[in-house]
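Structural overview
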Amino acid sequence: MSDRVDPSRRKRPRVEDTAGHLALDPSLRGHDPLLGPASDPPPDHVGLRSSRPPPIASGPRIAALAEGREPTRWDHLLGASIAIAYVVFLLLTSSGLGMNRDEGFYVDAAESYARWWSDVLAGEPDAFERGSIDRAWEVNHEHPSLPKSLFAISWLAQQRWDVFPEESMAFRFPGMVLSALALWVLYLFGTRLYGRRAGLFAALAYALVPGVFYHSHLDCFDTPIVSMLVLVTYCYHRTLTKPIWAIWTGIAYGFCLETKHNAWILPLVFLVHWLFVVGYERRARSRERTPSDARPRISLVPWWLVGMAALGPPLFVAMWPWLWNDTIPRIGEYIGFHVNHIHYNIAYLGYTYFSPPSPMSYAWVTTLFTVPLVTLVLAALGIGLRARTLLPAWALDRLWHSGSLEPDAARSDVLIFGSFFTPMFVLMQSSTPIFGGTKHFLMAYAMLALFGGVAFARMTDAIAVDLGRWLAKARATWWTEPRVQRAALCLALIGALASPLVATIHSHPFGLSYYTWAAGGVPGAADLGMNRQFWGFTTGSLVPWLNEHVREGGSVWICDTTPTAFRMLQRDGLLRDDVRVSWDLATADYAIVHHEDHFNIVDFQIWEVYGRVDPVYVLRYDGVPIISVYENPRRARRE
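1. Concerning the packing of aromatic side chains
Overall, the coordinates contain 35 aromatic pairs when judged by the stated rule. Centroid distance Trp155 to Phe171: 5.6 Å. Interplanar angle 20 degrees. Geometry classified as stacked. Here Trp155, found in helix H5 (residues 146-161), pairs with Phe171, found in helix H6 (residues 167-194); they are 16 residues apart in sequence, far enough to count as distant. Here the aromatic rings of Phe270 and Trp304 are separated by 6.0 Å at their centres, their planes lie at 85 degrees, and the arrangement is edge-to-face. Of the two residues, Phe270 sits in helix H11 (residues 266-286) while Trp304 sits in helix H12 (residues 303-318), which places them 34 residues apart along the sequence.

2. A word on the packing of helix H7 (residues 196-207) against helix H18 (residues 442-473)
For the pair H7 and H18, interaxial distance at closest approach is 7 Å and the crossing angle is 140 degrees. The pairing of H7 with H18 is recorded here as oblique in orientation. As for how H7 packs across H18, the hand of that crossing is right-handed. Contacts between H7 and H18 involve Arg197, Ala198, Phe201, Ala202, Ala205 and Tyr206 from the first element and Leu442, Tyr445, Ala446, Ala449, Leu450, Gly452, Gly453, Val454, Phe456, Ala457, Thr460 and Asp461 from the second. Taken together, the residues of the contact of H7 with H18 sort by class into 13 nonpolar, three polar and two charged.

3. Examining the nonpolar core
Tyr206, Cys256, Phe270, Tyr445 and Met447 are the most contacted members of the largest nonpolar core, which totals 127 residues. Per-element tally for this core: the top contributor is H18, with 14 residues. Setting aside residues up to four positions removed in sequence, Met447 forms contacts with Leu186, Val230, Ile416, Ser419 and Phe420. Grouped together as the second largest cluster of nonpolar side chains are 34 residues, Val550, Ala588, Ile592 and Ile627 included.

4. Observations concerning a negative patch on the surface
A surface patch of like charges, here negative, comprises Asp119, Glu124, Asp126 and Glu129. Along the chain, the position of Glu124 falls in the loop between helix H3 (101-121) and helix H4 (130-137). Using a relative accessible area of 36% as the deciding quantity, one classes Glu124 as partly exposed.

5. Quick word on the sheet that holds strand E5 (residues 555-557)
In spatial order, the strands read E6-E5-E7-E9-E8; together these five strands make up an open sheet with mixed pairing. The two strands at the open ends of the sheet, each matched to only one other strand, are strand E6 (580-581) and strand E8 (617-621). Across the sheet, helix H23 (residues 600-610) is in contact with E5, strand E7 (590-594) and strand E9 (624-631); its angle to E7 comes to roughly 160 degrees.

6. Regarding the confidence of the model for the protein chain
Overall, the predicted model of the protein chain reaches an average pLDDT of 87, with 87% of residues at or above 70. This model gives residues 1-31 a pLDDT under 50, and the stretch forms 52 contacts once residues within four places in sequence are excluded. Across residues 44-66, confidence stays below pLDDT 50; counting only partners more than four residues off in sequence or on other chains, it has 72 contacts.

7. Let's talk about the packing of H6 against H18
Direction vectors running N to C along H6 and H18 enclose 40 degrees, while the axes themselves pass 10 Å from each other. The angle between H6 and H18 places the two elements in the oblique class. Along this stretch, H6 crosses H18, giving a crossing that reads as right-handed. Along the contact surface, H6 presents Leu186, Phe189, Gly190 and Tyr194, while H18 presents Ala446, Met447, Leu450, Phe451 and Val454. Of the residues contributing to the contact of H6 with H18, the split by class is eight nonpolar, one polar and no charged.

8. Concerning the environment of Trp557
For Trp557, the location among the structural elements is in strand E5. On the basis of relative accessible area, Trp557 is assigned to the buried category, the value being 14%. Remark: the alpha-carbon pair of Trp557 and Val593, spanning 36 residues in sequence, is separated by 8.9 Å.

9. Remarks on the pattern of salt bridges
Tallied over the full model, the rule gives 18 salt bridges. With its nearest N and O atoms 2.8 Å apart, the salt bridge here joins Glu103 to Arg172. With Glu103 in helix H3 and Arg172 in helix H6, this pair connects stretches of sequence that are 69 residues apart. Comparing Glu103 with Arg172 shows no difference in burial state: the two are buried.

Cut-off values and rules
- Residues numbered from 1 in each chain as written.
- Predicted model: local features only at pLDDT ≥ 70, side-chain atom pairs only at ≥ 80, totals over all residues.
- Heavy atoms only, no water.
- Phe/Tyr/Trp six-rings, centres within 6.5 Å; stacked < 30°, edge-to-face > 60°.
- Helix = DSSP H or I, 4+ residues; strand = E, 2+ residues; numbered from the N terminus.
- Axes fitted to C-alpha atoms, helices over the stretch in contact; angles between N-to-C directions.
- Parallel < 35°, antiparallel > 145°, perpendicular 65-115°, else oblique.
- Left-handed = near helix turned anticlockwise from the far one by under 90°.
- Contact = heavy atoms within 4.5 Å.
- Nonpolar A, V, L, I, M, F, W, Y, C, P; charged D, E, K, R; others polar.
- Core = buried A, V, L, I, M, F, W, Y, C linked by side-chain atoms within 4.5 Å.
- Buried < 20%, exposed > 50% of the residue type's maximum accessible area, 1.4 Å probe, protein only.
- Patch = residues over 30% accessible without salt bridge, like charges linked within 9 Å, V, L, I, M, F, W, Y side chains within 5 Å.
- Areas by Shrake-Rupley, 256 points an atom, 1.4 Å probe, with all protein chains shown as cover.
- Salt bridge = Lys/Arg side-chain N within 4 Å of Asp/Glu carboxyl O.
- Lys, Arg positive; Asp, Glu negative; His and termini not counted.
- Charge placed at Lys NZ, Arg CZ, Asp CG, Glu CD.
- Pairing = 2+ DSSP bridges.
- pLDDT = per-residue confidence, 0-100.

Here it is as structure tokens:
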């Protein structure tokens, strides 16, 4: 008797018997176990169709849960909710975080702009005259005005309605909102490209990078420009299949230009990507005998460039009153300032750099040392999973002619990878000014988070299939319930982000001093000679000691802290009003030293002037000195 089974009599396994994964049922295509069914079909530009099943042994093809889908109004609601929750988190952790050097400059500018806005709102007849505009807007005119204008308006609201418990929060609040915008757009972008779980992971993973969390508190431009860059990139991506989005791309680019000069590089990034898209589109069209309605058509006309050129510069000028007079010369002055920018020193692996070029490894090693391990590993896996789609059209047949993924018509992975690589590449150029810390390549972190979302979605797919098979054998039918799968995926998300969350909480309020396991933590980074801090903001953590020890009317030499930042501690009611700033080291009651390599000379100067080498207090983070406080012996004798 033959052991062969008649195929016609072979029992077809139920969905839960084979995989236990609800989305394996063909009738449930488009269902996401995290957020339920999608009301709209997947977007037509996402071409992630597999030419063969993924290599998962003895199991049916996993449903394309990592495929993109058209965001619905519920997706927008979820994205907005994430952004709002992040702003609340930032506000709750803002109190006591000392202002940094740059924030002090922008507070001064915002107060100057606020006076002009007050005149405009009051209907002053000379508010739009050149003299009035120049007097108000010449303060910090080397940077665009949009963020500072929002800081000014928020501060005016604080003056009138007392919205926030501290004045610093009023100045910082618009920056927090602009920073949180990145989370909303990242969620939508990730959902459109790779699915809801990818978008959700990307938004939360980016928010929980300690450096991002620190910078998102500030009335600065570094995280707001990331939001604008992500927004323009999203709009540009939509333009490829829907040219009408060129209008939104141009408007978004105008806001981006008015936020920070990082916007200058975007047209080049998009042009490189668009050449990839055009090459792939022409290749696809040449192989079609008749046009297919199933395949999205990419316009060979760069409407995005038309929109950016037509709308971006006019909006840039219109939103910056400083440019309303002598427009061309002042734009030239603005460009010249940044092309010939002064150099800020950086400490890197035991050496302090005061002039370019930066070490070619700087951005890469600093990323390894500051981004949580979970995010980095998943991002690397995500890039690996999408690697085939990064090749240009001519190389697909020659180098990687077959695979489980085909590039989509918009070459989305190339755009995301290019947006990740560009800021890293720019910092490697010999002509790029020296800058400190990670704040100039935070855009790369946002793109890494998107690739991390790809790996997270694939990982949860694989776990669900394997777990489903095991539960199916045990006849545990409860696993097929959508709410159970949503709960399981929420637990997976919590598990993946638990470590970044702990790291972010632990980093506060020393966000610039935090380093990951790769550097050996904060002590290991100090041993390696990495940048310990900059901007002088850690004086805020010294306030309790100063309130207790500085005599009434006493003075402090404040090292790297600006007077505006120091006064803000008093305006917020944190530091006693009678504590004075002294710029004379010899007569100050106390002197503080922010521990940065280039301030080592200050220690020697204090030792010489005070005749002693022992500080009276050392502020530490994870055992690493951050600030040392020296007492002037003359102060002790006066008492």
